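Observations on the three-dimensional arrangement
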Amino acid sequence: MKLSMRKAVTFVAGLLVAGMSLTACGASGSGGSSDPGVLKIAMTASDIPFTGTYPDNGYEGFRFVSNNLYDGLTRLNLDQDTELPTPQPSLAESVEPNEDGTVWTFKLREDVEFTDGTPFNADAVIFKLDTVKGDPDGKYFDADVASRGSAVFKYVKAGGYKKVDDYTVTVETTMPYGLLNYDALSWFIPSPTAVKAVIDGGGTWADFAKAPVGTGPFTLEELVPGDHALLVRNDDYWHGPAKLEEIYLYPAPEAATRLSMFESGEVNWADAPAPDAIQQLQDSGANVILAKYPHSISPRFNEFRAPFKDNVELRQALNYALDREATAAIINDAGFPASQYVYEGHPDFVPDNPGYGYDKAKAEQLLAEAGYPGGEGLKPLVFAYPQGGSGNMYPPEMMQSLQQQFADIGVDVELMPVEWNTLLTMGIEGLNSPQWQDIDILWASPAAGMLPTTYTTTVMCERVPGTPNAAGMCNPEIDELWDKGLATTDIEQTHEYFRQGLDIALDEADFLYWMHDLNLRVLAPEVKGFIPVLSWWTDFTLISVED
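Attention here is on the structure that accompanies the text. The model shown is predicted, which means the values in this text are computed figures rather than measured ones.

Our next topic: the packing of aromatic side chains. Tallied over the full model, the rule gives 29 aromatic pairs. Taking 5.8 Å as the distance between ring centres and 70° as the angle between the ring planes, the aromatic pair formed by W443 and W514 counts as edge-to-face. On the criterion of sequence distance, the pair formed by W443 in the loop between β18 (441-442) and α16 (456-459) and W514 in the loop between α18 (491-507) and β21 (515-517) is long-range, its members being 71 residues apart. In this pair, the class of W443 matches that of W514, namely buried.

Take a look at the structure:
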């Protein structure tokens, strides 16, 4: 039996005691030779992200799949690394709200075709919105996207969107709402012709995802679940063809596997390789990238019940018990300590709140004030975490560090490793669900502040009407500030309200503020044009692989 380097290393890694590094790998360390025009990526995902009109696998799915196969009505300006990207024209040439943000007008491009040759127009946008906001019993209703993508369609009023002319659509919102241009980033528009051909023929949306048709810069040529996907360039892309001819995507959830794939030349791009190989990679001539971006590891306390419900002292105690510098050292400074939800310099950073640092004495004092002196009377805390997956950094090593630091103040932790998509399901179903109610702390790796819309389902009392916050967090004062921030069409005002809300959440220790990610990534020298954007997303049309 012949194994690829990826499968071989995965097999070997399974036999090893949990060590992070395979620094003995003796390959070139520069990714080997690359075929011009062909980018091969080792992803942290455990499988190819879903190729339908709303991905799974977190923002990794958006970065590698959705944004390459489809377009939204808006797009982020990912061609710069100086400021937080904001929505720009895409399939919509212009986006304008009315004065109170209750009706938005989208003027659409007139020169776009789907990759099956059918024209993009207002009918395609209405079709898309009908698939998620129309009749749930309708023939083309996409229940999966309507559920998993509910956050980006939350403020679209059912039946409140209409075609004005062939290239103009208006969308009514459920309340004054200033951020619909951010939501429209993820309204991935499929070809209605292609969708109807599949479903009218007895197929499903899942069948459409096997041969998706969008307007994006690439098309899906091949997909082998669990192994790879091949995207090929759309030569007729309306925004100009990409420099790359092909992109191969390989799921590789283990850091050591990704490193070995890079060192063997199986890929020329590896996300989050084993961090203790940083110096080795740099010495080999590889392009090692470490750059700040909106991503934190901020686990969530189960505030539906004891011991964390109404016990701010306990939540604060655990925040002070974390020796973040020690954790950063364990991962070779591939991340840095988080004192707040977002990094310093972010528009939502609270400048006059110091947040949390390591203070063992204060942690012990607060633990006693919480009713658990020295941890006495506190049952082991069940902490669910992934072993890998999109943007999760290095969970096993980080969790061992945390477990020891909590033990130092008398708090025991019961580790509960789960698969990444299972953890995402926990977040969707909520810690009040019968199957997850025994979890005390849930690992969370939010795109902290990447988009102002990303906080909503995390900090507000309800995610959608009638569905409580997934971790039980509920503070009417924060909700009031968030409602104000969402309602204004002045983005600076939005950030001001959100800073006030995050300030309260800091004082209440609603999160375990832990680490900010530096997005470790290694590229072969032949890979050019990568921009370390302040975002999870990347514009792959700007990247090339040269001789």
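Their axes nearest at 8 Å, the elements helix α17 (residues 476-487) and α18 cross at an angle of 165°. As far as their axial angle goes, α18 and α17 are roughly antiparallel. For α17 against α18, the interelement crossing comes out left-handed. Residues E477, I478, L481, W482, K484, G485 and L486 of α17 lie in contact with α18, whose contacting residues are T494, Y497, F498, Q500, G501, L502, I504 and A505. Residues of the contact of α17 with α18, tallied by class, amount to nine nonpolar, four polar and two charged.

The next subject is the nonpolar core. Counting residues in hydrophobic clusters, the biggest one holds 170 residues, and the most contacted among them are L73, F106, F120, W187, L249 and L318. Per element, the largest residue contribution to this core is seven residues, and it comes from helix α3 (residues 122-133). Excluding its chain neighbours within four sequence positions, the residues that come into contact with L318 are F301, F308, L381, F406, I409, V411, I441 and L512.

Definitions and limits used
Residues numbered from 1 in each chain as written. Predicted model: local features only at pLDDT ≥ 70, side-chain atom pairs only at ≥ 80, totals over all residues. Heavy atoms only, no water. Phe/Tyr/Trp six-rings, centres within 6.5 Å; stacked < 30°, edge-to-face > 60°. Helix = DSSP H or I, 4+ residues; strand = E, 2+ residues; numbered from the N terminus. Buried < 20%, exposed > 50% of the residue type's maximum accessible area, 1.4 Å probe, protein only. Axes fitted to C-alpha atoms, helices over the stretch in contact; angles between N-to-C directions. Parallel < 35°, antiparallel > 145°, perpendicular 65-115°, else oblique. Left-handed = near helix turned anticlockwise from the far one by under 90°. Contact = heavy atoms within 4.5 Å. Nonpolar A, V, L, I, M, F, W, Y, C, P; charged D, E, K, R; others polar. Core = buried A, V, L, I, M, F, W, Y, C linked by side-chain atoms within 4.5 Å.

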